[in-house]
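# Topology and contacts: notes
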Amino acid sequence: MAANALEFRTCPITGKKVYATTQNLIWINAVTSVVFLLVGGLAALLVLLTRWPAVHLLSADLFYRILTLHPIAALVAWIIFFEVAGLYFGCSVLLNSRIAAPKVAWLAYFLMLIGAAIVAVQILIGNADVMFTSYIPLQASPLYYLGVILFAVGALTACGIFFGTLAIAKAEKTYEGSLPLVTFGLSAAAIIAVFTLASGAIIYIPTFLWSIGIIKNIDPAMYRLIFWAFGHSSQQINVTAMVSVWYLLAVLTVGAKPVNEKICRSAFVLYILFINMASEHHLLTDPTLSPAHKIANTSYFIYMAALASMIHALAIPMTVEVAQRKKGYTKGAFEWLTKAPWGEPGFPALILSLLIFGFIGGITGIVNGTEQLSIKSHNTWAMTGHFHGTVVGGTTLAFMGLTYYVIPLIFRRELIGKKLATLQPYIYGIGLIIFTLSMIASGTLGVPRRHWDITFADSIIPFSFDPTAILFVTLTALGGLLAIIGGAIFVGVAVLSVFFGRKMAPSEAKLL
Amino acid sequence: MAITSPETYWWKPADKEERLWITIAIVWCLILFTMMPLWHIVGGQNPSLEPLKIRPTDYQKVSDAFIEKYKIGEEAGIPVVKPPDGADVYLRGQMWNWIPILELKKGVNYKFHISSVDLMHGFSLMPLVMNFQIVPGQDNILNLTPTSSGTFHIICNEFCGINHHTMVGKIIVKD
């Protein structure tokens with residue numbers, strides 16, 4: 001924190017200037033993110049062991065409480081703290097620039113930390129059993145909404161630091177020509193973040209005023225509409241940041257170079273223009289919007305964004321293939337793939353993240369986003385399976401893969417437990433494949449999300465699911481447990497390495 | 001590399017493979033885009049076409065009147081209602097029941113008005129797995145024709161408080 005704003009070292013591998021102020025900010029945000037991942041992962045374990053009918057661990061009230069905490073810690077805090085670290089890396093390290101207003105960046109960090117802590121405490125003491133969505137007229141304590149607002153203001157400030165640093169780098173000519181692709185992608189993520197956080201302010205500030213009695217009425221249908229402009233758009237930030245991280249991992253693992261910068265960059269622009277419009281797909285089975293409105297937003301616009309994802313889906317494997325072929329792996333159609341660095345954590349993390357995101361998260365997203373098919377999947381576990389494919393199998397796994405490079409390159413610590421680190425993406429990825437596919441299968445059989453007891457033991461009107469559905473729920477639990485083991489290995493390796501890993505000498509050049 | 005500025009002018013035309021892939025993707029997007037409105041014409045199952053606002057208190061009144069008019073009995077304390085053919089049917093979500101239990105006739109079209117008088121609820125018709133968001137203040141109007149007889153259940157799949165998981169309703173369809 002006290003570091004001189006102009007003190008920097010040069011990275012022996014990439015030749016980039018790493019400013020001490022930036023390094024400290026990346027360190028604190030990344031370490032905090034992993035702490036929240038641990039909290040989110042523990043919550044995931046408790047939720048999982050309760051939804052598994054054979055175990056049914058928690059009581060109903062505790063279950064709904066922990067189910068509210070899980071996405072706050074794992075979806076909001078882990079991912080956004082990590083993204084803030086990523087933004088600072090993209091604007092400062094990649095552009096060889098000092099970071100704008102480091103003190104304000106620290107303020108942003110503390111706002112986010114205090115906000116997230118308030119929200120987590122309010123949930124744990126039972127003042128906010130409202131689920132992540134906090135649909136009105138369900139009401140949490142005013143402090144809960146205040147915590148969310150503080151967190152959002154902090155995140156918005158961090159985006160401001162990012163844009164400020166881009167301006168400084170340009171003015172001080174720390175780079176020549178266009179932005180690097182990764183920074184370009186992160187800029188797209190930051191632009192989407194501004195829209196998202198503005199929507200969050202539009203809905204959370206009145207909701208806060210409603211919770212303290214200043215506003216008497218908020219229309220629940222309107223709340224749902226604007227909430228999702230925040231709630232789903234924040235997932236679009238994750239998608240955009242994750243795609244940028246994919247390009248970055250392709251560089252770090254095989255030294256890949258984008259095949260066509262124009263195509264990649266245009267795809268990011270499509271994200272900026274269209275991806276947020278698609279957030280209205282949450283309202284496909286609501287009686288609020290007209291069919292024409294739904295078709296325009298969730299069909300036309302969503303497919304423009306899907307097109308962008310299709311472009312990245314070609315561009316990333318293509319850059320990897322071209323880089324590998326240049327190294328001489330040209331035998332047959334697939335030597336470039338079989339001779340890829342599968343024994344390094346970054347590469348399997350990249351490939352599994354790409355496959356799970358695309359084939360499980362992405363495809364189900366398009367399917368569920370169709371008006372008529374949404375009737376089949378709305379509020380079932382098919383939806384939950386979809387977004388665990390995107391934000392866990394996709395974003396989280398990519399971020400985990402990147403962490404194994406951040407530790408030696410930015411934090412200058414040698415990894416502890418390299419073998420475990422190499423196995424980790426496989427364990428986590430395979431666990432998630434079983435988890436998400438079984439979850440989607442349960443959902444198509446009608447298993448509801450956010451439900452304490454699918455045996456309906458306490459209902460006045462008896463109802464029971466087909467045994468096949470229970471079988472898939474059990475498989476979901478087993479896959480989830482495997483993923484949680486993978487997650488625990490990640491947290492263990494990351495925390496031990498950051499605090500106890502051997503400090504690397506300034507000139508030491510080593511990726512892993 | 002993606003972490004450095006492009007060395008040269010980068011606004012270059014796409015390769016043949018890239019163009020082919022993007023063309024396929026665009027064609028596929030257009031097919032999907034066409035299907036969504038098309039289902040409104042050729043498909044039998046679509047979300048509500050008539051967005052309508054209704055005050056929860058007003059909805060409570062009409063649904064109570066509906067129950068009183070066509071009630072034929074009670075089961076577990078919940079009224080059983082048999083509406084006449086083609087009638088407007090009111091199905092109310094409230095913490096933590098779907099009211100009333102409905103007795104319908106196979107092959108007859110009913111205009112359903114589903115709404116909530118308190119929190120959000122999730123209408124999930126089992127075992128068909130058809131789901132609709134039920135929002136207080138909004139009337140979810142659906143034209144439903146039962147095409148098979150038997151007992152159907154409605155579970156709630158939107159969190160609505162501590163006993164959410166006990167919320168089950170019933171529709172009996174007779175030949």
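We now turn to the structure provided with this report. Please read all numbers here as calculations on a predicted model, not as lab measurements.

On to the overall build of chain A. Tallying secondary structure elements over chain A gives 15 helices and two strands in all. In terms of overall size, chain A behaves like a compact globule, its C-alpha atoms giving a radius of gyration of 22 Å where 512 residues would be expected to give roughly 24 Å. Principal-axis analysis of the C-alpha atoms gives chain A an extent of 70 × 60 × 50 Å. The buried share of chain A, reckoned over its 512 residues, is 63%. Total accessible area computed for chain A in this model is approximately 17,600 Å², and 73% of it derives from carbon and sulfur atoms. Side-chain charges in chain A split into 30 positive and 19 negative, and the spacing between the mean points of these groups amounts to 11 Å.

Our next topic: the packing of helix H9 (residues 291–326) of chain A against helix H11 (residues 346–368) of chain A. Residues and elements named next belong to chain A. Close contact between H9 and H11 brings their axes to 12 Å; oriented N to C, the two are set at 155 degrees. Our classification of the angle between H9 and H11 gives roughly antiparallel. The two elements H9 and H11 cross, and the hand of that crossing is left-handed. Between H9 and H11, the contacting residues are Tyr 303, Ala 306, Ile 316, Pro 317 and Val 320 on the first element and Phe 347, Leu 350, Leu 354 and Ile 366 on the second. A per-class count over the contact of H9 with H11 returns nine nonpolar, no polar and no charged.

A few words now on the environment of Gln 236 of chain A. Residues and elements named next belong to chain A. Residue position: Gln 236 is located in helix H7 (residues 233–254). Overall, the relative accessible area of 6% leaves Gln 236 in the buried class. Sequence separation between Gln 236 and Val 35 is 201 residues, and the spatial gap between their C-alpha atoms is 23 Å.

Residues and elements named next belong to chain B. A sheet is described by the order of its strands in space; here five strands give the open sequence E1-E10-E7-E4-E5, paired in mixed fashion. What marks the edges here is a single partner per strand, and that holds for strand E1 (52–53) and strand E5 (97–99). Both strand E4 (residues 88–94) and strand E7 (residues 110–116) contribute to a ladder of six bridges, which runs parallel. For Val 89, the partnering residue across the bridge sits in E7 and is Phe 112.

In this section: the interface of chain B and chain A. With 67 residues of chain B in contact, the opposing surface of chain A contributes 86 residues. Of the roughly 6,500 Å² buried between chain B and chain A on both sides combined, carbon and sulfur atoms contribute 69%. Three residues, Ile 3, Met 36 and His 165 of chain B, lead the burial of chain B against chain A; their summed loss comes to 12% of the area buried on that side. Put simply, Glu 158 of chain B and Arg 450 of chain A hold a salt bridge, and the shortest N to O gap is 3.0 Å. Put simply, chain B and chain A have 30 residue pairs in polar contact (both at pLDDT 80 or more) between them. Elements with a minimum of two residues in the side of chain B that touches chain A: helix H1 (16–42), E1, strand E8 (121–126), strand E9 (130–134), strand E10 (138–144), strand E11 (150–156) and strand E12 (168–174) of chain B. Counting residues per element, the side of chain B that touches chain A draws most heavily on H1 of chain B, which supplies twelve residues.

Take the packing of helix H4 (residues 142–171) of chain A against helix H5 (residues 181–211) of chain A next. Residue and element names in this part refer to chain A. For the pair H4 and H5, the least separation of the axes is 9 Å and the interaxial angle reads 155 degrees. Classified by the interaxial angle, the pair formed by H4 and H5 is roughly antiparallel. Where H4 crosses over H5, the two elements pack in a sense that is left-handed. When its residues are assigned to classes, the contact of H4 with H5 shows 22 nonpolar, four polar and no charged.

Okay, the sheet that holds E9 of chain B next. Residue and element names in this part refer to chain B. Taken in spatial order, the seven strands line up as E2-E3-E6-E12-E11-E8-E9 in an open sheet, and their pairing is mixed. Each edge of the open sheet is held by one strand with a lone partner, namely strand E2 (71–75) and E9. On average, adjacent strands in this sheet sit at an angle of 20 degrees to one another, irrespective of strand direction. Pairing of E2 with strand E3 (residues 78–81) involves four bridges; the strand directions are antiparallel. The residue bridging Gly 73 from the neighbouring strand is Val 80, located in E3.

Rules and cut-offs
Residues numbered from 1 in each chain as written. Chains lettered and ligands numbered in written order. Predicted model: local features only at pLDDT ≥ 70, side-chain atom pairs only at ≥ 80, totals over all residues. Heavy atoms only, no water. Helix = DSSP H or I, 4+ residues; strand = E, 2+ residues; numbered from the N terminus. Rg over C-alpha atoms; globule rule 2.2 N^0.38 Å. Buried < 20%, exposed > 50% of the residue type's maximum accessible area, 1.4 Å probe, protein only. Areas by Shrake-Rupley, 256 points an atom, 1.4 Å probe, with all protein chains shown as cover. Lys, Arg positive; Asp, Glu negative; His and termini not counted. Charge placed at Lys NZ, Arg CZ, Asp CG, Glu CD. Axes fitted to C-alpha atoms, helices over the stretch in contact; angles between N-to-C directions. Parallel < 35°, antiparallel > 145°, perpendicular 65-115°, else oblique. Left-handed = near helix turned anticlockwise from the far one by under 90°. Contact = heavy atoms within 4.5 Å. Nonpolar A, V, L, I, M, F, W, Y, C, P; charged D, E, K, R; others polar. Pairing = 2+ DSSP bridges. Buried area = accessible area lost by both parts, 1.4 Å probe. Salt bridge = Lys/Arg side-chain N within 4 Å of Asp/Glu carboxyl O. Polar contact = N/O pair within 3.5 Å; in protein donor to acceptor, adjacent residues only side chain to side chain.

Honestly, that's just the spatial picture; any functional story needs more than this.
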